[in-house]
Amino acid sequence: GVKDGWEFGGTLRYGLSPKMGLELEGMKLDGKSTTTSGTDHVDVHTKGLAMPLNLLIGLSQNDKYDFNAIVGAGPLLNAKFTADDGTNDTESGSKTAFMGQGGFEGDYFMSRQFALSGRVLGRYAKANDVDIDKNDPSAGNINLDMSGFAFNLGLRVFFGGGQ
């Protein structure tokens, strides 16, 4: 199975109160694995676009840092996989599924406008009954599971009504 990969994305956040915020997240998931058997190998990529709405709950904050709990849910769009063994290239059908996540986030403020931000999340993201071959529905189905843990590191920029 696919055990790791990269994620790229961003968030837009709206403060509900000093201790709570709502955030729309867009995250491109790209997991990959290579299976080798003798001289043969198959590269598999699982892909999807996660778009959860997250609720952030402030646990601790001061002028230098902010520490939040996060819980969120939303759609996992266009979940699919591609497989390439060097000769043949297969692309699965795609599916929209439910995803949910929870975890913690820490921000370290470098100034009023910029913070270094890190997250640790547990995620449930599973698309069931995806056509193995998008061009041949009779090839059967597969369940794509992109659940697991995510570690994110990034830069946060604050604009609008202050922090």
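The following refers to the structure shown. As the structure is a computational prediction, the values presented were derived from the model and not from experiment.

**A word on the overall build of the chain**
The secondary structure content of the chain amounts to zero helices and ten strands. Listing each helix as α and each strand as β along the chain from the N terminus yields β-β-β-β-β-β-β-β-β-β. Its C-alpha atoms put the chain at 55 × 30 × 25 Å along the principal axes. The buried share among the 163 residues of the chain stands at 31%. Counted over contacts in the chain with a minimum sequence separation of 6, partners at least 24 positions apart contribute 58%. Put simply, the chain shows about 9,800 Å² of open surface, and 59% of that area lies on carbon and sulfur atoms. Side chains of the chain carry 15 positive and 20 negative charges; the gap between the two charge centres is 9 Å.

**Remarks on the packing of aromatic side chains**
Taken as a whole and assessed by the stated rule, the structure comprises three aromatic pairs. Geometrically, the ring pair formed by Trp6 and Phe8 is stacked, given 6.4 Å between the ring centres and 15 degrees between the ring planes. Phe8 sits in the exposed class, given a relative accessible area of 54%. Ring plane angle 50 degrees and centroid distance 5.6 Å describe the contact between Phe109 and Phe158, whose orientation is recorded as tilted. Here Phe158 lies in the segment after β10 (148-157) and Phe109 lies in strand β7 (residues 95-109), a separation of 49 residues in the sequence. Phe158 carries the same exposure label as Phe109, and that label is buried.

**A word on the pattern of salt bridges**
Going through the model one piece at a time under the given rule, you end up with eleven salt bridges. The partner of Arg13 in a salt bridge is Glu23, with the nearest N and O atoms 2.9 Å apart. Taken together, the positions of Arg13 in strand β1 (residues 4-17) and Glu23 in strand β2 (residues 20-37) put the pair ten residues apart, joining distant regions of the chain. Here the salt bridges do not stand alone but share partners, grouping Arg13, Glu23, Glu25, Glu105, Asp107, Arg119 and Arg156 into one network.

**What about unusual backbone geometry?**
Although it is not a glycine, Asn78 sits at a positive phi angle of roughly 55 degrees. Position of Asn78 among the secondary structure elements: in strand β5 (residues 65-84). Residue Asn78 is classed as partly exposed on the basis of its relative accessible area, which comes to 41%. For Asp129, which is not a glycine, the phi torsion comes out positive at approximately 55 degrees.

**Considering the side chain of Thr82**
With respect to the element layout, Thr82 can be found in strand β5. Classification of Thr82 as buried rests on a relative accessible area of 16%. If sequence neighbours within four positions are ignored, Thr82 has contacts with Asp43, Val44, His45, Lys47, Thr90 and Glu91.

**Comments concerning the nonpolar core**
Counting residues in each nonpolar core, the largest one holds 15 residues, and the members touching the most others are Leu29, Ala50, Leu76, Ala127 and Met146. Residue assignment for this core shows that the elements contributing at least two residues are β2, β3 (40-50), β5, β7 and β8 (114-131). With four residues, β5 is the single largest residue contributor to this core.

What counts and how
Residues numbered from 1 in each chain as written. Predicted model: local features only at pLDDT ≥ 70, side-chain atom pairs only at ≥ 80, totals over all residues. Heavy atoms only, no water. Helix = DSSP H or I, 4+ residues; strand = E, 2+ residues; numbered from the N terminus. Buried < 20%, exposed > 50% of the residue type's maximum accessible area, 1.4 Å probe, protein only. Contact = heavy atoms within 4.5 Å. Areas by Shrake-Rupley, 256 points an atom, 1.4 Å probe, with all protein chains shown as cover. Lys, Arg positive; Asp, Glu negative; His and termini not counted. Charge placed at Lys NZ, Arg CZ, Asp CG, Glu CD. Phe/Tyr/Trp six-rings, centres within 6.5 Å; stacked < 30°, edge-to-face > 60°. Salt bridge = Lys/Arg side-chain N within 4 Å of Asp/Glu carboxyl O. Core = buried A, V, L, I, M, F, W, Y, C linked by side-chain atoms within 4.5 Å.

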